[in-house]
Amino acid sequence: MAMKRNCPKPNCIKTADGRYCTEHNREHDKQRGSKKQRGYGKEFQRDRKQWKPLVDAGLVDCWRCSKPLEPGAAFHLGHDDNDRTIIRGPECPPCNLSAAGKSSALYR
Ligand SMILES: [Zn+2]
Ligand SMILES: [Zn+2]
């Protein structure tokens, strides 16, 4: 017979089923999920911040077409076409548009 263990959350008197009790397991999963989403957003923002001064200085080429990005111009951070979690770098608006067009064509 398995040892009964109490949920380690403070003030919780329920029996643990896995790491926490059923209710707190669910809460823990939910928190982990939203943290991950926030982290991704933060990473994206941080990458943008890192690229921005370089783009403004005219030092960056579009990773797709390798044309130089106009200094100070609006740019998009492009994702890898096959793995949307990979940020490849700044891309020029025409490339960003055509990439978006391509990926939506895939789902047609
Ligand atoms: Zn609990
Ligand atoms: Zn381009």
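Residues numbered from 1 in each chain as written. Chains lettered and ligands numbered in written order. Predicted model: local features only at pLDDT ≥ 70, side-chain atom pairs only at ≥ 80, totals over all residues.

*Asks:* Pulling in residues and values, what's your account of the overall build of the chain?
*Replies:* A tally of helices and strands in the chain yields two helices and two strands. Walking the chain from its N terminus toward its C terminus, one meets helices and strands in the order α-β-β-α. Taking all 108 residues of the chain together, 11% fall into the buried category. A sequence separation of at least 24 residues applies to 26% of the contacts in the chain between residues at least 6 apart. (Helix = DSSP H or I, 4+ residues; strand = E, 2+ residues; numbered from the N terminus. Buried ≥ 20, exposed ≤ 12 C-beta atoms within 10 Å, placed from the backbone. Contact = placed C-beta atoms within 7 Å.)

*Asks:* I'd like to hear about the environment of Leu97, residue by residue, with values.
*Replies:* Mapped onto the elements, Leu97 comes out in helix H2 (residues 93–106). Linking Leu97 and His76, residues 21 residues apart in sequence, is a C-alpha distance of 9.7 Å.

*Asks:* Describe unusual backbone geometry, with residues and values.
*Replies:* Of note, Asn11 is a non-glycine position whose phi angle comes to about 65°, a positive value. Within the secondary structure, Asn11 sits in the segment before helix H1 (22–56). When the 5 C-beta atoms within 10 Å are taken as the criterion, Asn11 is described as exposed.

*Asks:* Provide a residue-level description of the environment of Asn96, including the pertinent values.
*Replies:* Tracing the sequence through the fold places Asn96 in helix H2. A sequence separation of 17 residues divides Asn96 from His79, and the C-alpha atoms of the two residues are 9.4 Å apart.

*Asks:* Which residues make up the nonpolar core, and what values go with them?
*Replies:* Counting residues in hydrophobic clusters, the biggest one holds six residues: Val55, Val60, Cys62, Leu69, Phe75 and Cys92. Other than its neighbours up to four places away in sequence, Val60 contacts Trp51, Leu54, Val55, Leu69 and Pro90. (Core = buried A, V, L, I, M, F, W, Y, C linked by C-beta atoms within 7 Å.)

*Asks:* Tell me about the confidence of the model for the chain, and please be specific about residues and values.
*Replies:* Averaged over every residue, the pLDDT of the chain is 83; the share at 70 or more is 81%. In the model of the chain, H2 stands out as the element of lowest mean pLDDT, 72, in contrast to strand E2 (residues 87–91), which has the highest, 92. (pLDDT = per-residue confidence, 0-100.)

*Asks:* How would you summarise the environment of Thr85 if you had to cite specific residues and measurements?
*Replies:* Of note, Thr85 is situated in the loop between strand E1 (76–79) and E2. Of the residues examined, Thr85 has 8 C-beta atoms within 10 Å and is grouped as exposed. Sequence separation of Thr85 and Phe44 is 41 residues, and the distance between their C-alpha atoms is 9.8 Å.

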